[in-house]
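Remarks on the overall topology
Residue-level listing of the chains:
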Amino acid sequence: PLADASIIPTFLLSGFTRQTVKVALGGDGGDELFAGYPTYQAFRLAQFYTRIPEWIRKTLVERWAVKLPVSWNNMSFDFRVKKFISGLPYLPVVRNYVWLGTFSPEEQDGLLAFPLGEQGNADRVYGILEELMEGCAFDSLLGRLLFLDMKLYLQEGVLVKVDRASMANSLEVRVPYLDHEFVDLVTGLPEDFKLRGWTTKYIFKRAVRKKLPAELVSRKKKGFGIPVAKWIAGDLRALFSDMLSPDRLRNQGIFNPTVVSRLL
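Residues numbered from 1 in each chain as written. Predicted model: local features only at pLDDT ≥ 70, side-chain atom pairs only at ≥ 80, totals over all residues. Heavy atoms only, no water.

1. Focus on unusual backbone geometry
Here Ala35, not a glycine, exhibits a phi torsion of approximately 60°, which is positive. Tracing the sequence through the fold places Ala35 in the loop between helix H2 (30-34) and helix H3 (38-49). (Helix = DSSP H or I, 4+ residues; strand = E, 2+ residues; numbered from the N terminus.)

Put into structure tokens, the structure is as follows:
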């Protein structure tokens, strides 16, 4: 199973592309090599934010943040603020996966209908990080984060998604940014060339700014998402209500019906 809804637009785009070509070039790997994700900016922000006295954070920021109205917009302001705060209690390398994931370990404990055993869920979920870090040659936090995203998010998620979606349309997608010589070159660059201040993919943008339109180089990050929330509340409401009905969930014995109903 692949829990990434962006496989749907990737599948549709692959079908559209296959109408005219058999092979396409993809940009996967660029974000992991050049620190292109907003999570890297969030790590930099967290370094400043956690220096603020806790009572100020709790009373002035976090109490206010939970009251922000929910928006259905992709990567909305309220979503980013709440996500940022949810990852702060964890170690820096773990925060990334709390921010990227849907449910924290504590939320998973309530969501599942069965206990996960005596070992803490956070240890079970994020234990793989410690194993991977043993093979990591980077000492800096950013270097370790880029390494983990390459080994986990890119390797086990993004590339799997694109391969399935494209091959289902008989389209071959190649990933030039993952040429091993290019990867060796970029991973050896100073980190300031990748994340400079709050600017992600700094040297990459400098390299292409004379070759691409300015509005493209400076465009804000845009995920490849779909409006799942609107579908749940609108056109597909009956389908979701049926697939996630309390009786069905009780029979399956995997998810807690009360928690799922509250989420819906």
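2. Points about the pattern of salt bridges
Under the defined criterion, the tally for this structure stands at 8 salt bridges. Between Asp78 and Lys82 there is a salt bridge, and its shortest N-O distance comes to 3.7 Å. Of this pair, Asp78 and Lys82 both sit in helix H5 (residues 77-87), separated by 4 residues, roughly a single helical turn. One salt bridge in this structure joins Arg196 and Asp192, with 3.0 Å as the shortest N-O distance. On the basis of relative accessible area, Asp192 is assigned to the partly exposed category, the value being 40%. Shared partners join several salt bridges into a network, and the residues in it are Asp31, Lys201 and Lys221. (Salt bridge = Lys/Arg side-chain N within 4 Å of Asp/Glu carboxyl O. Buried < 20%, exposed > 50% of the residue type's maximum accessible area, 1.4 Å probe, protein only.)

3. Let's talk about H3
Taking 1.5 Å per residue as the helical rise, H3 with its 12 residues ought to reach 16 Å, and the 16 Å between its terminal C-alpha atoms agrees with that figure. Contacts from the buried residues of H3 go to H2, helix H4 (54-65), H5, helix H6 (92-100) and helix H9 (141-167). (Expected span 1.5 Å × (residues − 1). Contact = heavy atoms within 4.5 Å.)

4. Focus: the packing of helix H1 (residues 7-18) against H9
For the pair H1 and H9, interaxial distance at closest approach is 8 Å and the crossing angle is 40°. Comparing the axis directions of H1 and H9 gives the class oblique. For the crossing formed where H1 meets H9, the hand is right-handed. When H1 is examined against H9, the residues Ile7, Thr10, Phe11 and Ser14 are found in contact with a partner set consisting of Lys161, Val162, Arg164, Ala165 and Ser166. (Axes fitted to C-alpha atoms, helices over the stretch in contact; angles between N-to-C directions. Parallel < 35°, antiparallel > 145°, perpendicular 65-115°, else oblique. Left-handed = near helix turned anticlockwise from the far one by under 90°.)

Functional significance is not addressed by these values, which are geometric in nature.
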